[in-house]
Amino acid sequence: MSRPLQANRLNMKAFAQDGVALTESTLLQKMERLAQETQGLQPDSTVKWEATGELRPRAGADDEVWLHLTAEATVPLTCQRCMAAVETPVEVDQWYRFVATEEIAMAEDDQSEEDLLVMEPQFDLLAVLEDELLMALPLVPMHEQCPVAPKLQAGEADVAGDPDSGKKPNPFAVLAQLKTKK
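Every value quoted in this text rests on a predicted model; they were computed, and no experiment measured them.

## Overview of the overall build of the protein chain
Each helix and strand in the protein chain was counted, giving five helices and five strands. When burial is assessed residue by residue, the protein chain has 31% of its 182 residues classed as buried. In the protein chain, the share of contacts with a sequence separation of at least 24, taken over all contacts with a separation of at least 6, comes to 57%.

Shown next, in the form of structure tokens:
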């Protein structure tokens, strides 16, 4: 039984019962928070992702709803060494278990290896996907080897220029002059 699904309005229990994987490509521009982190994002840049729901039986209780989310994208970030754009591959491979309330999620979070999400009538899968992609970004994006040498600057004086430009007097030399004037 297959029916059209919208990733931003998903009934997770019905999705898990269907057992049909949702495979999509989404433009990175549609993920506003992620797009703000990029440099030189192309209009056709996409993230390829797949979501699979499943029901797992529990003894003496209703089946648990689980979600497996995988994604791949190449995101243009700012190299922290040369400040040019660096194409950064980003991958997500995450399992989620759904619980009834926020209180249950907080109570079980420390003992769970998987991430816990609260079951909502209309679950926004794209928001969770964007969150995971943001968390997968490197803290300090850099080229393996920068295409251009980084410009090194110290303050207002140009390091490679005149060695006497912007040179401050040695404070100990000033003290020595005061000592000899006595």
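Still to come is the rest of the account.
## Brief notes about the pairing of strand β3 (residues 61–78)
Relative to β3, strand β2 (residues 46–58) is paired through 11 bridges, and the arrangement is antiparallel. Bridging across to β3, tryptophan 49 finds its partner in alanine 71. Counted along the chain from β2 to the antiparallel partner β3, the turn is two residues long, and its residue glycine 60 has a positive phi close to 70°. The sheet contact formed by β3 and strand β4 (residues 85–99) spans 13 bridges and is antiparallel. Of the residues in β4, the one forming a bridge with alanine 71 is valine 92. Hairpin geometry of β3 and β4 is characterised by an intervening segment of six residues between the two adjacent antiparallel strands and by a positive phi of about 70° at methionine 83.

## So, the packing of aromatic side chains
Across all of its chains, the model carries two aromatic pairs by this definition. Taken together, a centroid distance of 6.1 Å and an interplanar angle of 70° make the contact between tryptophan 66 and tryptophan 95 edge-to-face. Placement of tryptophan 66 in strand β3 and of tryptophan 95 in strand β4 is noted, with a sequence separation of 29 residues between them. You can call tryptophan 66 buried: its relative accessible area is 8%. For tryptophan 95, a relative accessible area of 30% corresponds to the partly exposed category. When the ring of phenylalanine 98 is compared with that of phenylalanine 123, the centres are 5.2 Å apart and the planes differ by 85°; the resulting orientation is edge-to-face. Placement of phenylalanine 98 in strand β4 and of phenylalanine 123 in the loop between β5 (115–118) and α4 (125–136) is noted, with a sequence separation of 25 residues between them. The same class applies to phenylalanine 98 as to phenylalanine 123, namely buried. Positioned over the ring face of tryptophan 95 is arginine 56, at 4.8 Å from the centre of the ring.

## Some points on the nonpolar core
Grouped together as the largest cluster of nonpolar side chains are 34 residues, with contacts concentrated most on Val47, Trp49, Leu67, Leu125 and Leu133. Among the secondary structure elements, those contributing two or more residues to this core are α1 (12–18), β2, β3, β4 and α4. Residues within four places of leucine 133 in sequence aside, it is in contact with Met31, Leu34, Val47, Ala71, Val90 and Val92.

## Quick word on unusual backbone geometry
Unlike most non-glycine residues, methionine 83 shows phi in positive territory, near 70°. With a relative accessible area of 52%, methionine 83 lands in the exposed category.

## Some words on α4
The first and last C-alpha atoms of α4 sit 17 Å apart over 12 residues, in line with the 16 Å expected at 1.5 Å per residue. All of the buried residues along α4 are Leu125, Val128, Leu129, Glu130, Glu132 and Leu133. Among the structural elements, β1 (22–27), α2 (32–36), β2, β3, β4 and β5 are those in contact with the buried residues of α4.

## What to know about the pattern of salt bridges
Across all of its chains, the model carries seven salt bridges by this definition. Between glutamate 130 and arginine 33 there is a salt bridge, with its nearest N and O atoms 3.3 Å apart. Residue glutamate 130 is located in helix α4, and its partner arginine 33 is located in helix α2; the two are separated by 97 residues in the primary sequence. With relative accessibility at 9%, the residue glutamate 130 sits in the buried group. Under the relative-accessibility criterion, arginine 33 is labelled partly exposed at 38%. The salt bridge involving arginine 56 is made with glutamate 54; its shortest N-O contact spans 2.7 Å. Under the relative-accessibility criterion, arginine 56 is labelled partly exposed at 27%.

Procedures and definitions
Residues numbered from 1 in each chain as written. Predicted model: local features only at pLDDT ≥ 70, side-chain atom pairs only at ≥ 80, totals over all residues. Heavy atoms only, no water. Helix = DSSP H or I, 4+ residues; strand = E, 2+ residues; numbered from the N terminus. Buried < 20%, exposed > 50% of the residue type's maximum accessible area, 1.4 Å probe, protein only. Contact = heavy atoms within 4.5 Å. Pairing = 2+ DSSP bridges. Phe/Tyr/Trp six-rings, centres within 6.5 Å; stacked < 30°, edge-to-face > 60°. Lys NZ or Arg CZ within 6 Å of the ring centre and 35° of its normal. Core = buried A, V, L, I, M, F, W, Y, C linked by side-chain atoms within 4.5 Å. Expected span 1.5 Å × (residues − 1). Salt bridge = Lys/Arg side-chain N within 4 Å of Asp/Glu carboxyl O.

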